[in-house]
Amino acid sequence: MDTGTPRSIRMHDQDNVAIVANDGGLPAGTVFPDGLVLKDKVPQGHKVALRPIAQGEAILRYNVAIGYAQRDIEAGSWVEESLVAMPPARELDNLPIATIRPAPLPPLEAYTFEGYRNPDGSVGTRNILAISTTVQCVSGVVEFAVKRIKSELLPKYPNVDDVVSLDHTYGCGVAIDAPGADIPIRTLRNIAKNPNFGGRAMLVSLGCEKLQPARLFPAAGVSSWMPIRDVAGPDHVCLQDNAHVGFGSMIESIMDTAERHLMELDARRRETCPASDLVVGVQCGGSDAFSGVTANPAVGFASDLLVRAGAAVMFSEVTEVRDGIDQLTARAIDEETAQAMIREMAWYDEYLQRGGVDRSANTTPGNKKGGLANIVEKAMGSIIKSGTAPISGVLSPGQKLEQKGLIYAATPASDFICGTLQLAAGMNVHVFTTGRGTPYGLAAVPVVKVATRDDLARRWHDLMDINAGRIATGEATIPDVGWELFNFILDVASGRKKTWAEHWRLHNALALFNPAPVT
């Protein structure tokens, strides 16, 4: 337990609670510099009442009613979860529409990184051979082939960073024509187009699956840039092809196709690209009460810098912004963008209702142990990572990004599904904040991890890339850490630095969002 000066953090002058900042929390009887005396032992990150709060009175944090007191609460008391009655969700009508018009900030010019320019104009931050798959049935075969490709072929091509198999659990045993089935299909299609895959992917199919290659990559109508030459051509390996006699011939076909791609990728070189070619996805996981105090505000500051530099920044996680939808629609660049956000919220409300739950199902035991009483409090801290820029576009799940600026990409809040959908949208760098700690990573893009607390950054020193906990201790400001993150992103995008997740090769599996039935 931190035995130094008792410290608390109050987010707004109108708040009637603050969080305890000291490592390990503070014991009952602790006297704060302003004279407030703790009635209870309060863990780090948890809320203390700054004044008496009457039963039924709003509990204010971020100057937002995160709940209502279940009983009278004395000043100095621990405002723990059971004392906070969650308010109902904000209605989706009569919302402010494009009412916030901040003065435009000067553009950030001359910031660059070294990237791989693709035929469609996008830029990769890594040079990776991706092997797409149509169905889970082929995963074991592809995994076996990838091991051999990495050990036998990849060393011959030093300019290629990695070989990844785009495994998933979709492709058959699903109602592939049902409403919502387009989401996982377009997700897989657009992942194959990620900028880090060099402009073309290869494909392995089984042959009898519902998700046929021609459906995954239609010959026309998807894009002028197709990631495979022809589903019947040399980039496509079908395991049920009559030419395959035995397991070894399947592996040989995959390896032969892979080597042709490796030769092409190995000829590529990094070139100087403007920062406007970055597509950065931001996300939080294992959040705590410090997420909205340190890491997410720093990410928000860096997001504003990236937008000023002309880049695209995506923030996501429907249930983690739902309670602040009025903040988001007010920041929309126009009515069309605001209405698109409202439609995404309404769709997800209905999706949750079909499962008999609501947004309150989001919070985890770790969130609560870290001081977050409910999803309202969590959402207020989550939204901050979007910064202050106008929201210029909205993506539905699985869609590919086609514009610059700050974008709301509607995704579930699951770390793995959100990351997969941001990957499909075209991100080439991922920024991930955490308070409780998670070793999350993705094979396809570098993942920059930002710790909310000093203690986490110290204990997980070889997993966290940026320590935003210095904001809480007063050692750094939000702009300090925001600029540090911005410059680190440029270095990581250029390959000058690797993230810890890359160093240890920590990669989570892709997780598709499939709201359609499984048969």
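Attention here is on the structure that accompanies the text. Just so it is clear, the model here is predicted, and its values are computed rather than measured.

Reading the values: the criteria
- Residue numbering note: each chain is counted from 1, following its sequence as written.
- The predicted origin of the model limits local features to residues at a pLDDT of at least 70 and limits the giving and counting of side-chain atom pairs to 80 or more, whereas totals for whole chains, interfaces and linings rest on all residues.
- Hydrogens are left out, water is left out, and the side-chain values use all remaining heavy atoms of the structure.
- Secondary structure follows DSSP: runs of H or I at least 4 residues long count as helices, runs of E at least 2 residues long count as strands, and numbering of each begins at the N terminus.
- The quantity called the radius of gyration is restricted to C-alpha atoms. Its globule counterpart is 2.2 Å times the number of residues to the power 0.38.
- Accessible area is worked out with a 1.4 Å probe on protein chains only. A residue is then buried under 20% of its type maximum, exposed over 50%, and partly exposed in between.
- Residues are treated as being in contact if the distance between any of their heavy atoms lies within 4.5 Å.
- Charge counting treats Lys and Arg as positive and Asp and Glu as negative, with His and both chain ends excluded.
- Taken as the charge centre is NZ of Lys, CZ of Arg, CG of Asp or CD of Glu, depending on the residue.
- In this analysis, strands are considered paired if DSSP registers two or more bridges between them.
- By nonpolar core is meant a set of buried Ala, Val, Leu, Ile, Met, Phe, Trp, Tyr and Cys residues that side-chain atoms within 4.5 Å join together.
- Whether two aromatic rings pair depends on their centres lying within 6.5 Å, for rings of Phe, Tyr and Trp, where Trp uses its six-membered ring; planes under 30 degrees apart make the pair stacked, over 60 edge-to-face, and the rest tilted.
- Between the N-to-C directions of two axes lies an angle of 0 to 180 degrees, each axis being a line fitted to C-alpha atoms and, for a helix, fitted only over the stretch in contact.
- Comment on the angle field: the value is read as roughly parallel under 35 degrees, roughly antiparallel over 145, roughly perpendicular from 65 to 115, and oblique elsewhere.
- Crossings are sorted by hand: turned counterclockwise from the far helix by less than a right angle, the near helix makes the crossing left-handed, and turned clockwise it makes it right-handed.
- Three classes are used, and their members are as follows: Ala, Val, Leu, Ile, Met, Phe, Trp, Tyr, Cys and Pro are nonpolar, Asp, Glu, Lys and Arg are charged, and the others, Gly among them, are polar.

1. A word on the overall build of the chain
Part 1 of the argument: Scanning the chain for helices and strands turns up 14 helices and 20 strands.
Part 2 of the argument: Over its C-alpha trace the chain gives a radius of gyration of 24 Å, about what one expects of a compact globule, namely 24 Å for 519 residues.
Part 3 of the argument: C-alpha atoms of the chain, sized along the principal axes, occupy 80 × 45 × 45 Å.
Part 4 of the argument: Split into buried and exposed, the 519 residues of the chain put 58% on the buried side.
Part 5 of the argument: In the chain, the share of contacts with a sequence separation of at least 24, taken over all contacts with a separation of at least 6, comes to 72%.
Part 6 of the argument: Across the chain, 49 positive and 59 negative side-chain charges occur, with their mean positions spaced 2 Å apart.

2. Points about the sheet that holds strand 15 (residues 312-315)
Part 1 of the argument: With parallel pairing, seven strands are arranged side by side in an open sheet as 16-17-15-14-18-19-20. In this open sheet, the two strands that pair with only one neighbour each are strand 16 (391-395) and strand 20 (466-467).
Part 2 of the argument: Of the pairings in the sheet, the one linking strand 16 to strand 17 (residues 405-409) comprises four bridges and is parallel in character. Bridge assignment links Leu395 to a residue of strand 17, and that residue is Ala409.

3. Structural notes on the sheet that holds strand 1 (residues 8-9)
Part 1 of the argument: Here we have three strands laid out as an open sheet, ordered 1-2-3, and antiparallel in their pairing. Two strands lie at the open edges of the sheet, namely strand 1 and strand 3 (47-49), each paired on one side alone.
Part 2 of the argument: Summarising the sheet, strand 2 (residues 17-20) and strand 3 pair through three bridges and their orientation is antiparallel. Note on strand 3: the bridge partner recorded for Ala18 is Val48.

4. Observations regarding the nonpolar core
Part 1 of the argument: In terms of nonpolar packing, the biggest core is built from 59 residues, with Leu278, Tyr408, Val431 and Leu485 touching the most fellow members.
Part 2 of the argument: Considering every element that reaches this core, the biggest residue donor is helix 13 (residues 478-493), with eight residues.
Part 3 of the argument: Discounting residues that sit within four places of it in the chain, Val431 has contacts with Val280, Gly281, Val282, Gln283, Val299, Val448, Val450, Leu485 and Ile489.

5. Side note on unusual backbone geometry
Part 1 of the argument: Here Asn94, not a glycine, exhibits a phi torsion of approximately 55°, which is positive.
Part 2 of the argument: Within the element layout of this structure, Asn94 appears in the loop between strand 6 (84-85) and strand 7 (112-117).
Part 3 of the argument: The exposed category is assigned to Asn94, whose relative accessible area is 73%.
Part 4 of the argument: The phi dihedral of Ala98 falls on the positive side, at around 50°, and the residue is not glycine.
Part 5 of the argument: Mapped onto the secondary structure, Ala98 falls in the loop between strand 6 and strand 7.
Part 6 of the argument: Judged by its relative accessible area of 12%, Ala98 is buried.

6. Some points on the packing of aromatic side chains
Part 1 of the argument: In the structure shown here, the tally under the stated rule is 14 aromatic pairs.
Part 2 of the argument: Ring geometry for Trp347 versus Phe513: centroids 6.1 Å apart, planes at 85°, classification edge-to-face. One end of the pair, Trp347, is in helix 7 (residues 335-354); the other, Phe513, is in the segment after helix 14 (500-504), with 166 residues separating them in the sequence.
Part 3 of the argument: Counting every residue linked through ring pairs, the aromatic cluster contains Trp347, Tyr348, Tyr351 and Phe513.

7. Observations regarding the packing of helix 1 (residues 139-153) against helix 4 (residues 247-266)
Part 1 of the argument: Packing of helix 1 against helix 4 brings their axes to within 9 Å, and their N-to-C directions diverge by 50°. Compared by their axis directions, helix 1 and helix 4 come out oblique. Of the two elements, helix 1 crosses helix 4, and the hand of that crossing is right-handed. Counted together, Val141, Phe144, Ala145, Arg148, Ile149, Glu152 and Leu153 of helix 1 and Phe247, Met250, Ile251, Ile254, Met255, Ala258, Glu259 and Leu262 of helix 4 form the full contact between these two elements.
Part 2 of the argument: Per-class residue counts for the contact of helix 1 with helix 4 are twelve nonpolar, no polar and three charged.

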